[in-house]
Amino acid sequence: MLTCHKATHLMSARLDRPLPLGKKMSLTFHLMMCKSCHRCDKQLELIHQAGQGWHQKRIEEGLIEPDSNA
Ligand SMILES: [Zn+2]
């Protein structure tokens, strides 16, 4: 059984590259058992997708400013 700490680590690793099957299964299992990690996973995914899309679009449009936080 994964700890929440490890599960969180796998969640963010998974956003960069696909997990090996064993780890993926462990994570999936943990997410089914653990409501807080499940919620965290959803949020992480949304933030990641939104962040990527937003950043990409601004770069394409040449609108990125070095000191812009919003
Ligand atoms: Zn957990």
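What you see is a predicted model, and the numbers here were worked out from it, not measured in a lab.

Basis of the calculations
Residues numbered from 1 in each chain as written. Predicted model: local features only at pLDDT ≥ 70, side-chain atom pairs only at ≥ 80, totals over all residues. Core = buried A, V, L, I, M, F, W, Y, C linked by C-beta atoms within 7 Å. Buried ≥ 20, exposed ≤ 12 C-beta atoms within 10 Å, placed from the backbone. Helix = DSSP H or I, 4+ residues; strand = E, 2+ residues; numbered from the N terminus. UniProt positions renumbered as here; feature names shortened; annotations may be inferred. Axes fitted to C-alpha atoms, helices over the stretch in contact; angles between N-to-C directions. Parallel < 35°, antiparallel > 145°, perpendicular 65-115°, else oblique. Left-handed = near helix turned anticlockwise from the far one by under 90°. Contact = placed C-beta atoms within 7 Å. Expected span 1.5 Å × (residues − 1). Arc of directions from axis to C-beta.

(A) Spatial organisation of the nonpolar core. A7, L10, M11, L27 and C37 together form the largest nonpolar core, which totals five residues. A per-element tally of this core places helix α1 (residues 4–16) first, with three residues.

(B) Highlighting the UniProt feature "domain: Putative zinc-finger" (unreviewed entry) in the protein. If you check UniProt for "domain: Putative zinc-finger" (unreviewed entry), the listed places come out as residues 4–38 in our numbering. Secondary structure within residues 4–38 divides into 86% helix and 0% strand; the distance between the first and last C-alpha atoms comes to 10 Å.

(C) Broad picture of the packing of α1 against helix α2 (residues 21–33). Relative orientation of the contacting elements α1 and α2 amounts to 120°, with a least axis distance of 10 Å. Considered as vectors, α1 and α2 are oriented oblique to each other. The way α1 lies across α2 gives a crossing that is left-handed. Contacts between α1 and α2 pair A7, L10 and M11 from the former with K23, L27 and H30 from the latter.

(D) Just α1, in detail. The terminal C-alpha atoms of α1, which comprises 13 residues, lie 19 Å apart, in line with the 18 Å expected from a rise of 1.5 Å per residue. Three or more residues of α1 are buried, namely A7, L10 and M11. Taken around the axis of α1, the buried residues stretch over an arc of 105°, which confines them to a single face. Along α1, exposed side chains directed more than 90 degrees from the buried face belong to H5, S12 and D16. Looking at the buried side of α1, the elements it contacts are α2 and α3 (35–61).

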